[in-house]
Amino acid sequence: MDLVFILDSSTSVGNDNFDKMKAFVKKFLQPANIGCGEVRVGLMTFSTQVTIEFHLNTYYTKAEVFDAIDNVPWRYGSTNTADGLKTMNEEMFFKTNGDRPGVQNICIFMTDGVSNINYEKTIPEAEKAREKGIHIYAIGIALKDLREVFGIASQPASLNVFAVDSFVELEGLDIKIFELDSSGTNILFHFRIGVSLLSK
């Protein structure tokens, strides 16, 4: 599995809440067999500008990935979701940057707001990524309007869009995409979540 996280780093998030997002990512990755090469992880952030924090082939151990996540800074600014999705599609899931042929491509997108730069391009950029075979899960945090994340995520929304009322609730969000066989090897994609749109 090649897995890319996109984290909203806009002004509305704030440094403390950005730290909660990073903690969630580390919890999410805890069961992943990163060191064995079965799971590769990349991470990027977006506000006014998009920043690639590390590519899929930058780190090869869980300790390295976790250290890198800890060192990602909050970068305040606007919400340029469209460019974030475009960069994910065109640069993160790219062969020279660690994307592997025949391996499932998964994107976990997290935001607390709707795009306010190039907003008309946001959903079309997500559609391009999905057409390429990238599966997108969207987590909306304290969002009153979920229409945009519905358009970003893979369908059906009931399985791919998840909402929490605050950043604190990320701690209770139970997501699992890694199943282990008897040898401890990550196998076929599986998904489970404790809080979803269906419970709202």
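Just so it is clear, the structure is predicted and the values come from calculations on it, not from any experiment.

Peer 1: Honestly, the nonpolar core in this entry has me stumped. Any pointers?
Peer 2: Considering soluble globular proteins, one finds that nonpolar side chains tend to be buried as a cluster. Phe5, Met21, Leu29, Ile108, Met110 and Leu170 are the most contacted members of the largest nonpolar core, which totals 33 residues. Per-element tally for this core: the top contributor is helix α1 (residues 15-29), with 6 residues.

Peer 1: Would you explain the packing of aromatic side chains in this entry?
Peer 2: Both the distance between ring centres and the angle between the ring planes are used here to describe each pair of aromatic rings. Evaluated as defined, the whole model comprises 5 aromatic pairs. With a centroid separation of 6.0 Å and 50° between ring planes, the pair formed by phenylalanine 24 and phenylalanine 28 is classed as tilted. You can see phenylalanine 24 and its partner phenylalanine 28 sitting in helix α1, 4 residues apart, about one turn around the helix. In this structure phenylalanine 24 comes out as buried when scored by relative accessible area, which is 4%. When the ring of phenylalanine 46 is compared with that of phenylalanine 109, the centres are 5.8 Å apart and the planes differ by 10°; the resulting orientation is stacked. Of this pair, phenylalanine 46 sits in strand β2 (residues 40-46) while phenylalanine 109 sits in strand β4 (residues 105-111), and the two are 63 residues apart along the sequence. Residue classification places phenylalanine 46 among the buried positions, given a relative accessible area of 0%.

Peer 1: Whenever I open this one, the sheet that holds β4 confuses me. Can you help?
Peer 2: Remark on secondary structure: sheet strands pair via backbone hydrogen bonds, oriented parallel or antiparallel. Reading across from one edge, β3-β2-β1-β4-β5-β6 is the order of the 6 strands in this open sheet, with mixed pairing throughout. Among the strands making up the open sheet, the edge pair consists of β3 (50-54) and β6 (161-164). Across the sheet, the mean angle separating the axes of adjacent strands is 20° when strand polarity is ignored. Relative to β3, β2 runs antiparallel, the two sharing 4 bridges. When the bridges of β3 are listed, methionine 44 appears paired with isoleucine 52.

Peer 1: Where do I start with the side chain of asparagine 97 in this structure?
Peer 2: Along the chain, the position of asparagine 97 falls in the loop between α3 (81-92) and β4. Of the residues examined, asparagine 97 reaches a relative accessible area of 17% and is grouped as buried. Those residues in contact with asparagine 97 that sit more than four places away from it in its chain are His55, Leu56, Asn57, Glu91 and Met92.

Each value, and the rule that gives it
- Residues numbered from 1 in each chain as written.
- Predicted model: local features only at pLDDT ≥ 70, side-chain atom pairs only at ≥ 80, totals over all residues.
- Heavy atoms only, no water.
- Core = buried A, V, L, I, M, F, W, Y, C linked by side-chain atoms within 4.5 Å.
- Buried < 20%, exposed > 50% of the residue type's maximum accessible area, 1.4 Å probe, protein only.
- Helix = DSSP H or I, 4+ residues; strand = E, 2+ residues; numbered from the N terminus.
- Phe/Tyr/Trp six-rings, centres within 6.5 Å; stacked < 30°, edge-to-face > 60°.
- Pairing = 2+ DSSP bridges.
- Axes fitted to C-alpha atoms, helices over the stretch in contact; angles between N-to-C directions.
- Contact = heavy atoms within 4.5 Å.

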